[in-house]
Amino acid sequence: MKILVTDPLSQEGLQVLQKKAHVDVCTGRDESSLKEIIGDYDALIVRSGTRVTASLIEKGVNLQVIGRAGVGVDNIDVEKATEKGIMVINAPEGNTISAAEHTLAMLFSLARNIPGADNSVKQKKWERKRFTGVELNQKVLGLLGLGRIGGEVARMARAMGMKILAYDPYVSPEKVENTGVELTSWEDLLRRSDFVSLHLPLVSATYHFLSREELEIIKPGARIINCARGGLLDEEALYHALKEGKISGAALDVFEEEPPQDIPLLELDSVVLTPHLGASTEEAQVNVAVQVAEQVLKALEGESAVTAVNMPTLMPEVVSEVRPFMPLMRMLGSFYMQLYGGAVDEVEVQYSGEIAGKQVTPLTTSFLIGLLQVIMGDQVNFVNAGYIAKNRGIRIKETFSSDVDNFANLITVIVTESGEERVLSGTLFSQEDMRIVQIGDYRIEVVPSRYMLVCTYEDKPGVIGRVGSLLGDRSINIATMQVGRKSIGGEAVMVLQVDDPVTEKVQQEVSQLEGIIETNFVELKERDLKDPTKK
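Residues numbered from 1 in each chain as written. Predicted model: local features only at pLDDT ≥ 70, side-chain atom pairs only at ≥ 80, totals over all residues. Heavy atoms only, no water.

Q: How should I be thinking about the overall build of the protein in this particular structure?
A: Scanning the protein from terminus to terminus reveals 17 helices and 22 strands. Counting only residues that meet the buried cut, the protein has 53% of its 535 residues in that class. Partitioning the contacts of the protein with sequence separation of at least 6, the portion at a separation of at least 24 is 66%. Carbon and sulfur atoms make up 47% of the accessible area of the protein, which totals about 25,000 Å². When the 55 positive and 76 negative side-chain charges of the protein are each reduced to one mean point, those points stand 5 Å apart. (Helix = DSSP H or I, 4+ residues; strand = E, 2+ residues; numbered from the N terminus. Buried < 20%, exposed > 50% of the residue type's maximum accessible area, 1.4 Å probe, protein only. Contact = heavy atoms within 4.5 Å. Areas by Shrake-Rupley, 256 points an atom, 1.4 Å probe, with all protein chains shown as cover. Lys, Arg positive; Asp, Glu negative; His and termini not counted. Charge placed at Lys NZ, Arg CZ, Asp CG, Glu CD.)

Q: In this structure, what is going on with the sheet that holds strand S22 (residues 516-523)? I would like to understand it.
A: Sheets are built from strands that pair by backbone hydrogen bonding, the pairs being arranged parallel or antiparallel. One open sheet accounts for 4 strands, arranged S20-S21-S19-S22; its pairing is antiparallel. The open sheet has two free edges, formed respectively by strand S20 (478-485) and S22, since each of these has just one partner strand. Within the sheet, the average angular offset between the axes of one strand and its neighbour, ignoring direction, is 15°. Direction of pairing for strand S19 (residues 451-458) relative to S22: antiparallel, over a ladder of 7 bridges. In the strand pairing of S22, Tyr-451 is matched with Glu-523. (Pairing = 2+ DSSP bridges. Axes fitted to C-alpha atoms, helices over the stretch in contact; angles between N-to-C directions.)

Q: Where do I start with helix H1 (residues 11-18) in this structure?
A: For an α-helix, the turn length of 3.6 residues means that residues three or four places apart are oriented alike. Burial in H1 covers these residues: Gly-13, Leu-14, Val-16 and Leu-17. Projected down its long axis, H1 shows its buried positions confined to an angular sector of 155°, all on one face. The secondary structure elements touched by the buried residues of H1 are strand S1 (2-5), strand S2 (22-25), strand S3 (43-46) and helix H11 (282-300). (Arc of directions from axis to C-beta.)

Q: Quick question: what am I supposed to make of the environment of Gly-70 here?
A: As for its position among the elements, Gly-70 is in the loop between strand S4 (65-68) and helix H4 (78-83). Put simply, Gly-70 and Val-288 are 218 residues apart on the chain and 5.7 Å apart in space, counted from C-alpha to C-alpha.

Q: I tried to follow the packing of aromatic side chains on my own but got confused; where do I start?
A: For any pair of aromatic rings, the description rests on two quantities: the centre-to-centre distance and the angle between the ring planes. Using the criterion set out here, one finds 5 aromatic pairs in the structure. On the basis of an interplanar angle of 45° and a centroid distance of 4.9 Å, the ring pair of Tyr-336 and Tyr-340 is categorised as tilted. According to the relative accessible area criterion, Tyr-340 is partly exposed, its value standing at 26%. These aromatic residues form a ring-pair network of at least three members: Tyr-167, Trp-186 and Phe-209. (Phe/Tyr/Trp six-rings, centres within 6.5 Å; stacked < 30°, edge-to-face > 60°.)

Q: How should the pairing of S1 be read in this particular structure?
A: When a strand is regular, its side chains alternate between the sheet's two faces. With 4 bridges joining them, S1 and S2 adopt parallel strand pairing. Paired with Lys-2 across the bridge in S2 is His-22. Traced from S1 through H1 to S2, the parallel crossover comes out right-handed. As paired elements, S1 and S3 share 3 bridges and run parallel to each other. When the bridges of S3 are listed, Val-5 appears paired with Ile-45. (Right-handed = clockwise from strand over helix to strand, strands pointing away.)

Q: When you look at the pairing of strand S11 (residues 247-252) in this model, what are you seeing that I'm missing?
A: Counting buried positions over the 6 residues of S11 gives 5, a clear majority of the element. Inspection of the sheet shows strand S10 (residues 222-226) paired to S11 by 5 bridges, in the parallel sense. Paired with Ile-224 across the two strands is Ala-250, which belongs to S11. With helix H10 (residues 235-243) bridging S10 and its parallel neighbour S11, the resulting β-α-β unit is right-handed. Across 3 bridges, the pairing between S11 and strand S12 (residues 271-273) is parallel.

And the structure:
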């Protein structure tokens, strides 16, 4: 095996590689010179300095793996790599401790005014009263997100006597049992926390997660820390909250634009700023180098690489018979999570009919991809969906039956959340004609479309008409509609395929109509209707 390393990599990482492969280190090369040599190598390992473009990948005729010694892969054309059947691997866990420790460093800096005090003494001042701080012991730390780094911050902060609140709708209560962490709503967390620390991924649903509206309800005098992703925090809203005295301070390691240019926050003494140092420790650099080296070698040896960020080519004989069902399962996963949300404890997939005799693991994985991508975005793929589900404490079960009524094949998903089971079923009428045939307790026949408004309602005259009239008044056209009910006059469900998105405001208006029990909007993106093995 021949491996090319084009950015500085720790000696420890190089030693891991050199035990099993021939390694060439060629740092500081421009793209044209890399194109001349890349064709000789089976794997390429980079950090952030090398841009792995589509044209460079085209020249890598023998490349099987591209490794990134770090988390972000923005400098790698992942789509082109996938197109060429090249696995892209990163090292997401190597910086966990460093990022958590940096969060704690920012926490201490805010609590004890360390940066300002340091600057004051260097100006030959002695302002002890000005820099009086607060103790962390018995203070409430609110964590928005309880993944790897958020969980580590919780562990460290508990050792200092802090009380830990966490908001993460995708973490089950069972996972935090005996950890001293109290799961709660984000509103309750903001109202009760002395310090609020962000640990969320940046996806469309979390952009500006803390904006002016959220900062209005935060505990007076609270302090905010963001060492996760720029964009989670509305920097302009934060500036005004600080200027108006609603919060006492903020510490930011990440920004919407890096480096930040002329943002008002730079003017404030109550803000601690660092240049994206979360993973910048000697140990983290060693950890990410060793992790990516180990994963690259596994991939080259044909083993599973759990940190792959794209999807390796699956054996055709394994998936050929079930491939038509993959878009159906991905769609069901996305539909479920948008409709119900919540912290999933268990996913049971019941395969009935002809499909029960096939290799269905790719189908279960496709459902997990659809479900988890709603939470985490495109980082979830065929390689890591099962790994992520396991880390989130989600149990997976598959059951099989050759008997089924009314359909040649039927796939039913039973998802358990906090002891409550929810059911969703789907089938194919032909290779590309997918249908949702059960939502909860209701039999129905829905052709999935991009925009769908799902309402449970009282099955009484006029309810459907009121919904249609309201949507019409808001210039939202209904393309088609399906209803399902168990009995006349009882509860029922309607699914309306509409031509435009339904805003939260309109959803609230629908929810307030007489006879409406619950309203949810589902948007199926183009990816949600595709085979997850393909870009």
